[in-house]
Every structure is written in C-alpha cells, then in structure tokens.
Amino acid sequence: MTEKDLPALSIADLQSLLRRREVSAREAIGVLRERIEAVDGEIGAYLSLDIDAARLRAAGAIPFGKTNLDEFAMGSSTENSAVKLTRNPWDLSRVPGGSSGGSAAAVAADAAFGALGSDTGGSIRQPAALSGVVGFKPTYGRVSRFGLVAFASSLDQIGPLTKTVRDSALIMNAIAGHDPQDSTSLNEQVPDYIAKLGNDLSGVRLGVPKEYMIEGIDPQVKGAIDAAVEQMNSLGAEIVDVSLPHTDYAVAVYYILATAEASANLARFDGVRYGYRAENPRDMLDLYGRTREQGFGPEVKRRIILGTYVLSSGYYDAYYLRAQKVRELIRQDFAEAFEKVDALISPTSPVPAFKLGERTADPLQMYLADIFTIAANLAGICGISVPCGFAEVDGHRLPIGLQLLGKPLDEARILQIAHAYEQSTDWHKARPPITATK
Ligand code: GLN
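Reading guide: rules and limits
- Residues numbered from 1 in each chain as written.
- Predicted model: local features only at pLDDT ≥ 70, side-chain atom pairs only at ≥ 80, totals over all residues.
- Heavy atoms only, no water.
- Core = buried A, V, L, I, M, F, W, Y, C linked by side-chain atoms within 4.5 Å.
- Buried < 20%, exposed > 50% of the residue type's maximum accessible area, 1.4 Å probe, protein only.
- Helix = DSSP H or I, 4+ residues; strand = E, 2+ residues; numbered from the N terminus.
- Contact = heavy atoms within 4.5 Å.
- Near = heavy atom within 4 Å.
- Polar contact = N/O pair within 3.5 Å; in protein donor to acceptor, adjacent residues only side chain to side chain.
- Areas by Shrake-Rupley, 256 points an atom, 1.4 Å probe, with all protein chains shown as cover.
- Nonpolar A, V, L, I, M, F, W, Y, C, P; charged D, E, K, R; others polar.
- Phe/Tyr/Trp six-rings, centres within 6.5 Å; stacked < 30°, edge-to-face > 60°.
- Lys NZ or Arg CZ within 6 Å of the ring centre and 35° of its normal.
- Salt bridge = Lys/Arg side-chain N within 4 Å of Asp/Glu carboxyl O.

**Re the nonpolar core**
Then step 1. Within the largest apolar cluster, 116 residues are counted, with the highest numbers of intra-cluster contacts made by Met232 and Phe334.
Then step 2. In terms of residues, this core owes the most to one element, helix H8 (residues 250-265), which gives 10 residues.
Then step 3. Excluding its chain neighbours within four sequence positions, the residues that come into contact with Phe334 are Tyr212, Leu244, Leu344, Ala375, Ala376, Ala379, Ile381 and Leu405.
Then step 4. Counting residues in hydrophobic clusters, the runner-up holds seven residues, among them Ala129, Leu130, Ala353 and Ala369.

**Looking at the site of the ligand**
Then step 1. Taken together, 15 residues lie around the ligand, and Gly121, Ser123, Tyr254, Arg303 and Asp370 are the ones closest in.
Then step 2. Residue Tyr254 places a side-chain N or O atom 2.6 Å away from an oxygen atom belonging to the ligand.
Then step 3. One of the side-chain nitrogen or oxygen atoms of Arg303 is found 2.7 Å away from an oxygen atom of the ligand.
Then step 4. Relative to its unbound accessible surface of 300 Å², the ligand loses 100% to contact with the protein.
Then step 5. Partitioned by chemical class, the residues of the shell around the ligand number five nonpolar, seven polar and three charged.

**Re the packing of aromatic side chains**
Then step 1. Using the criterion set out here, one finds 14 aromatic pairs in the structure.
Then step 2. Pairing Phe269 with Phe296 gives two aromatic rings, centres 6.4 Å apart and planes at 75°, and the pair type is edge-to-face. On the criterion of sequence distance, the pair formed by Phe269 in the loop between H8 and helix H9 (284-295) and Phe296 in the loop between H9 and helix H10 (298-311) is long-range, its members being 27 residues apart.
Then step 3. For Phe269, a relative accessible area of 16% puts it in the buried group.
Then step 4. Taking the centre distance of 5.2 Å and the plane angle of 35° together, the rings of Tyr316 and Tyr320 count as tilted.
Then step 5. One aromatic cluster in this structure is built from Phe72, Phe269, Tyr274 and Phe296.
Then step 6. Its guanidinium or amino end placed over the ring of Tyr274, Arg268 lies 5.8 Å from that ring's centre, counting from NZ or CZ.

**A few points about the pattern of salt bridges**
Then step 1. Here the structure, examined in full by the defined rule, presents 20 salt bridges.
Then step 2. One salt bridge in this structure joins Arg94 and Asp91, with 2.9 Å as the shortest N-O distance.
Then step 3. By relative accessible area, Arg94 is classed as buried at 6%.
Then step 4. One salt bridge connects Asp110 with Arg431, and the closest N-O pair in it is separated by 2.9 Å. Placement of the pair is Asp110 in the loop between helix H4 (101-108) and strand E3 (114-118) and Arg431 in the loop between helix H14 (411-423) and helix H15 (433-437), with a sequence separation of 321 residues.
Then step 5. Through salt bridges that share partners, Asp91, Arg94 and Asp394 make up one connected network.

Following this line, the structure appears as structure tokens:
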C-alpha cells in the first residue's frame, strides 16, 4: 500500500495500521488533507477544516472539519445550503442527497474516513444511498444531541456515515449512550456493536413491507432491491411479506409535525442571542422582523410559516393533533410488524441521485425523496442504508441504497444483518470516478 491509497481505507483498516505503527495519525491526516485539496474544489463537501466533537475525541478520533448540509437540515439534496452547492462524486451534475450531503459526499470521495450527520426524516440514510456509502440512523434517544442545532426535537437523531458497516458500528461504540447534557438521551446499556457482527443470517426473519414496493420506484432500484432480498435469503434469512398500512400518511404527518416543531425551535433566532442579527434596528420588532427576513432561506421560511399555521388556534386540532394521532398509528404498524420479523427491507430512496436543480422548483417533489425514510423517524426506530448496486444513467454509474429498519434499541441486530449482507457483496468496494482521476 502506498500513501496515496490511505484515504480510501475504512476506519477499521486505518486503525489496524495505526496500531501496528505502520502509519502515524499525523501522516493519515496529512494525506487526507491533500486528498481534500485535490477533490473538494469540485465536490464542495467541506465548509471548514476545524471542529470539535465531544465523545469522538475521547474515543481517540481526530475531528476534522464541518461538512455542508441543507440550512437547518431542511432538504433532501443539500441545495438548500446557505453556503454552497455540494456535488455527487459519482456524477458531478447530480445532488449528493441531503440534508447531510456534505458528509456523504466527503466519505464517498475518500475525503473523510467517516462522518456524522443528523436524521430527522432521512437525512443520514438518503444521502448515504445517493452517494454510495453506509448511513446509520440510531433509535431516537440512543445518541446524545448535545450541541446539535434542533430542527424537530421529537425526530432528530445523530448517526454515522461511513464506507463500511463495521465502521458505523465502531463510531456507534464511541457515540451511543446516555448523556446528562441531553435529557432525551436514553439511559440504557450500550452493547459492543463490533462484537455482534457476523456473516450468517440463519434464523433471521426479514419483512418486505408491501407498501414500500410501490409503482414509481425506478426499475433499476427495484431490480437491485429484489436481488438484495434474494441474496439475504441465500445467506439464510427467511423472507416474510408484511404490511405497514398507514405508510401513505407518513409524509403528510411528517410535514405537519416537523414544521410545527421547527417553527417553535427556530423562534429563538430573533437576532437577540442566536445567530444572525440585522443591522441598525429601529426598535425590537424591526430587529426581529428584519433578522428573520434576511437570516433565513426560502425553504426555512416556508417551514416556519407552515409550522406556525398548523399550530395556530383553530387549526391546531385539525392538523397538529390529528397528525399526532396518525403518528401513533404509524408507530403501531411497526410494532406489529416487528412481532413477526427482526428487520424490514426496502429501498432507501425510490430513485438514484437526481440532477442539481431538477427538484428545486417543486418542494413537494423534494419532500417525496424521503418517502421510505420518514416513517422510521415518526416511529423512533433505527435504520441503516447500505450500498446494494448501481443504476446506469446517462453513462454514469449511480449508487443504490438498501434500507434495513429495526426495533427500538435493536441497533446491534441491524448492524449485524447489514454487515452480513455487505460482506457477501462488492458494492461497498466500488469507488466513484473522481477517486480515480486524482
Ligand atoms: N428531507 C427531509 C426534510 O427536508 C428530512 C430532513 C432531515 O432528516 N434532516 O425535512
């Protein structure tokens, strides 16, 4: 192995080189910086190269930089970023997914060994799928959100984006667990996620929700998922048909609850204590008004307006309260399915990466990008996206992601199943063209 191969290593492989002292942390960081300089001009994954992350540093990691995302994590393509565009390393004319698109693109382009993202409705899993990396959303409350800017507090969860499932397990070992600084973090034992990894799926029951295999899924995506289901079956898993009858309501419920919570969370950005402040205010109302007018982008404003509307008197019962009730039905759907199966399989996204600009004019099209990921957040369960193939589009290979969803706190099992599948394929080893040219 030469120095130039270093950035492509998984965290686990890098760790063994570091332990055997065949490479130093300084060398690894140096090579990674060179790699970022070589590719990030075109991709635009990074915002800055300097950051601190509580628990990761304690576990020996070197936090490296901040990556791009949609403003306040609202979006599915990173095009709502207040700062810049990020491009998909597999095809620079396409989005990396979002909102954690910078994290996904950086890992895909070997410009980071691993990254964190936040997932409120799919923002770890969907960009992982579109960029061809692993993205893991832990159970609600499994990982502390101390330091995370709140979007929708009953849905937000932090998790890893990595090149392999093993690397996600490694990061989970470092970040999972109770944190007295986040009262919503669960006070539950954290297992050793690495110790549970294996290659065998015998005895595992996997459910295919019929509502997730709908018309409108890109045929190449459907083909890849069908093949993955067969592959899991050949590894010993039993495949069971299941139903999640309230699936159709998930996107609507999400856009009521998430916007309601966002409108409350973002009320603090009034120019007094947080963030941007408008200049030379005439009085307090002028300060509030102009700060919010100038400081928020169009998608964030749309959500604040929608959220304020669904919480307003006269509409609260019809929208917010009703959505809460349907959320409970969606949670029950999953609870019933998990009585029959250990995990659920579906596509992560109905389509591969779309073109930059293709969906920006139509917010609803953008919202539908998360049709398969949103329900997991409403139910508070855990889920992962793993690479499971490629679609050939306009002469480009575009990654496809397979989603596995698991019971609350059953992260170890989801990682185990995903790992067994991944190890029986070569999908995770493929690198985007940008890595070959630099
Ligand atoms: N795309 C969804 C939204 O725009 C989910 C975002 C997220 O998970 N942060 O709200």
